[in-house]
Amino acid sequence: MTLAKGCILCYQGAKMVLFVTGRCHRSCWYCPLSSERKGKDAVYANERRIESTDQMIREAEAMSALGTGVTGGEPLLCIDRVATYCRALKKHFGKDHHIHLYTAKAPSEEDLLTLRGLVDEMRLHPPQECWEDILNSDFIRSAKRAKELGFDIGIEVPALPGLSHLIPALPYLDFLNINELEWGETNADGMRLRGFELADGVHNAVQGTREWADELLKNDNVHWCSSAFKDSVQLRERLKRIARNTARPFDEVTDDGTVVYGVLEPDTGTIAECTNHCRDELGEDCYAACGDHIEVAWWALEELGDHLAGKKYVIERYPNWGIIVEVTPL
Ligand code: SF4
């Protein structure tokens, strides 16, 4: 099997996800975008909302990114923004910083010329209704032209009925990726309407979609990307990279790449008095004063309990001040 270069870096968790807009010209029933992002013209680097190329570079540095996947929404609706962000990445990290871009449009000559030298790999998402006649679609015309201009070119689609119609497109592509169909908050009604069910209670995978891909998967340059892989390898490896660069000495890094620490909100005494106590009891590396509270090695919270009264809890979150996964009161 030939994996796209973007996928190889993704396996290492080394790709930053650059979400350039939640706007899209299409309204696919299976669209996995969250309601927080769908239709909103906002930019995110990984899970962090950003407003400048500098903020993006900081996020990429925090994870020692070797590449970036540009996604949306529809990135080509804001192609100037895409060019600006990709130019900043190539300038900062060098031309070897690998960039792939998803689009549900067939890029025009002008689009391709704008992105040449900035994007290395194009991943086209032709709508399901044009799969049956894919060779006569604009997507194959774009694929041929993109190849001539030096892009790596592939198709990336969700697992839906009719995938085998895409077999004639393979000679024009470097790869074809099939994403396992995923259940989400915004497409749940569409899933139920079509009689789909979740495969298990752990992942978001929809039951029975792999068989639609069977014919296509007999070809060498076709790759199946499972929902479990996205959760348990791609995301976890990316979080671990960020945690390696950003965790404080007292943060515990879990096998999932999240960080765990304790919080003390003192009832009595000033923060300075409490930090003095922490320093004496635990040593300099085991705590940090953070405004009106103290963050501390989670295992030390109970020890402090007898001497420092207050609200105490343990936080598990994505590294580098990412989303909070769990708060456990003590
Ligand atoms: S093209 Fe992509 S972002 Fe746009 S509606 Fe379809 S799945 Fe959602």
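Residues numbered from 1 in each chain as written. Predicted model: local features only at pLDDT ≥ 70, side-chain atom pairs only at ≥ 80, totals over all residues.

Visitor: Run through the overall build of the chain, naming residues and quoting values.
Guide: On a plain count of helices and strands, the chain comes out with nine helices and 15 strands. Relative to its full complement of 330 residues, the chain shows a buried share of 37%. Sequence-distant contacts, at least 24 apart, represent 64% of the contacts inside the chain between residues at least 6 apart. (Helix = DSSP H or I, 4+ residues; strand = E, 2+ residues; numbered from the N terminus. Buried ≥ 20, exposed ≤ 12 C-beta atoms within 10 Å, placed from the backbone. Contact = placed C-beta atoms within 7 Å.)

Visitor: Describe the environment of cysteine 28, with residues and values.
Guide: Here cysteine 28 lies in the loop between strand E1 (15-21) and strand E2 (43-45). Residues cysteine 28 and phenylalanine 250, 222 residues apart in the sequence, show an inter-C-alpha distance of 45 Å.

Visitor: Explain the domain arrangement of the chain to me, using residue names and the numbers behind them.
Guide: Reports often express the size of an interface as the amount of accessible area lost when the parts come together. For the chain, the assigned domains are domain 1 (5-243) and domain 2 (249-329). Each of domain 1 and domain 2 was reduced to a C-alpha centroid, and the two centroids are 38 Å apart. Listed per partner, the contact involves seven residues of domain 1 and 10 residues of domain 2. Counting residues per element, the side of domain 1 that touches domain 2 draws most heavily on helix H7 (residues 227-246), which supplies five residues. Here the side of domain 1 that touches domain 2 is built from residues that sort into four nonpolar, no polar and three charged. (Domains from an automatic or database assignment. Nonpolar A, V, L, I, M, F, W, Y, C, P; charged D, E, K, R; others polar.)

Visitor: Tell me what's going on with the nonpolar core, and back it up with residues and numbers.
Guide: By size, the foremost hydrophobic cluster in this structure holds 73 residues, and its most contacted members are Leu18, Ala60, Val82 and Val296. Looking at which element gives the most residues to this core, the answer is helix H3 (residues 79-93), with five residues. When residues of this core are assigned to domains, at least three fall in each of domain 1 (5-243) and domain 2 (249-329). With residues near it in sequence (within four places) discarded, alanine 60 still touches Met16, Ala45, Ala65, Thr68 and Leu89. (Core = buried A, V, L, I, M, F, W, Y, C linked by C-beta atoms within 7 Å.)

Visitor: So what's going on with unusual backbone geometry? Residues and values would help.
Guide: Where the residue is not glycine, phi is negative for most of them; where a peptide bond is considered, it is trans in most cases. Along the chain, glycine 72 connects to glycine 73 via a cis peptide bond; the corresponding omega equals 25°. Along the polypeptide, glycine 73 turns up in the loop between strand E4 (67-72) and H3. The phi dihedral of tryptophan 321 is positive, around 60°, even though this residue is not glycine. With respect to the secondary-structure elements, tryptophan 321 resides in the loop between strand E14 (310-317) and strand E15 (324-329). Classification of tryptophan 321 by C-beta neighbours within 10 Å gives exposed; the count is 11.

Visitor: Can you explain the site of the ligand? Please cite residues and give values.
Guide: If you check the shell around the ligand, you find Cys24, Arg26, Ser27, Cys28, Cys31, Leu33, Gly72, Gly73, Glu74, Ala104 and His125 and nothing else. Here the shell around the ligand is composed, by residue class, of five nonpolar, four polar and two charged. (Near = placed C-beta within 6 Å.)

Visitor: Describe the sheet that holds E4, listing the residues and the values that go with them.
Guide: Whether parallel or antiparallel, the strands of a sheet pair through hydrogen bonds between backbone atoms. As summarised here, the arrangement of the nine strands in space is E3-E2-E1-E4-E5-E6-E7-E8-E9, forming an open sheet in which the pairing is mixed. Bordering the open sheet on either side are strand E3 (48-50) and strand E9 (222-225), each of which pairs with just one other strand. Each strand axis lies, on average, 25° off the axis of its neighbour in the sheet, ignoring direction. Here E4 pairs with strand E5 (residues 98-103) via four bridges, running parallel. (Pairing = 2+ DSSP bridges. Axes fitted to C-alpha atoms, helices over the stretch in contact; angles between N-to-C directions.)

Visitor: Run through the pairing of strand E11 (residues 259-266), naming residues and quoting values.
Guide: With six of eight residues buried, E11 lies mostly within the body of the structure. Alignment of strand E10 (residues 252-253) against E11, held across two bridges, turns out to be antiparallel. Bridge assignment links valine 253 to a residue of E11, and that residue is valine 259. Hairpin remark: E10 followed by E11, antiparallel, with five residues in the connecting loop; positive phi at glycine 257, about 90°. Bridge analysis of E11 against E14 gives eight bridges, and the strand direction is antiparallel. Following the sheet pairing, valine 259 is matched in E14 by arginine 317.

Visitor: Outline helix H5 (residues 138-148), listing residues and values.
Guide: Among the residues of H5, Phe139, Ile140, Ser142, Ala143 and Ala146 are the ones counted as buried. One side of H5 holds all its buried residues, which, seen down the axis, span an arc of 160°. Away from its buried face by more than 90 degrees, H5 exposes Lys144 and Glu148. On its buried side, H5 packs onto helix H4 (109-115), strand E6 (121-124) and strand E7 (152-158). Downstream of H5 by a residue or two, glycine 150 has a phi angle that is positive, lying close to 100°. (Arc of directions from axis to C-beta.)

Visitor: Summarise helix H8 (residues 271-282); cite the residues concerned and give the values.
Guide: Over its 12 residues, H8 runs 16 Å from end to end, which matches the ideal 16 Å to within 8%, given 1.5 Å per residue. At the exit of H8 stands glycine 283, carrying a positive phi of roughly 95°. (Expected span 1.5 Å × (residues − 1).)

Visitor: So what about the environment of serine 35? Which residues, and what values?
Guide: Of note, serine 35 is situated in the loop between E1 and E2. Measuring from C-alpha to C-alpha, the distance between serine 35 and asparagine 204 comes to 16 Å, with 169 residues separating the pair along the chain. Once residues lying within four places of it in the same chain are set aside, the contact partners of serine 35 are Glu185 and Thr186.

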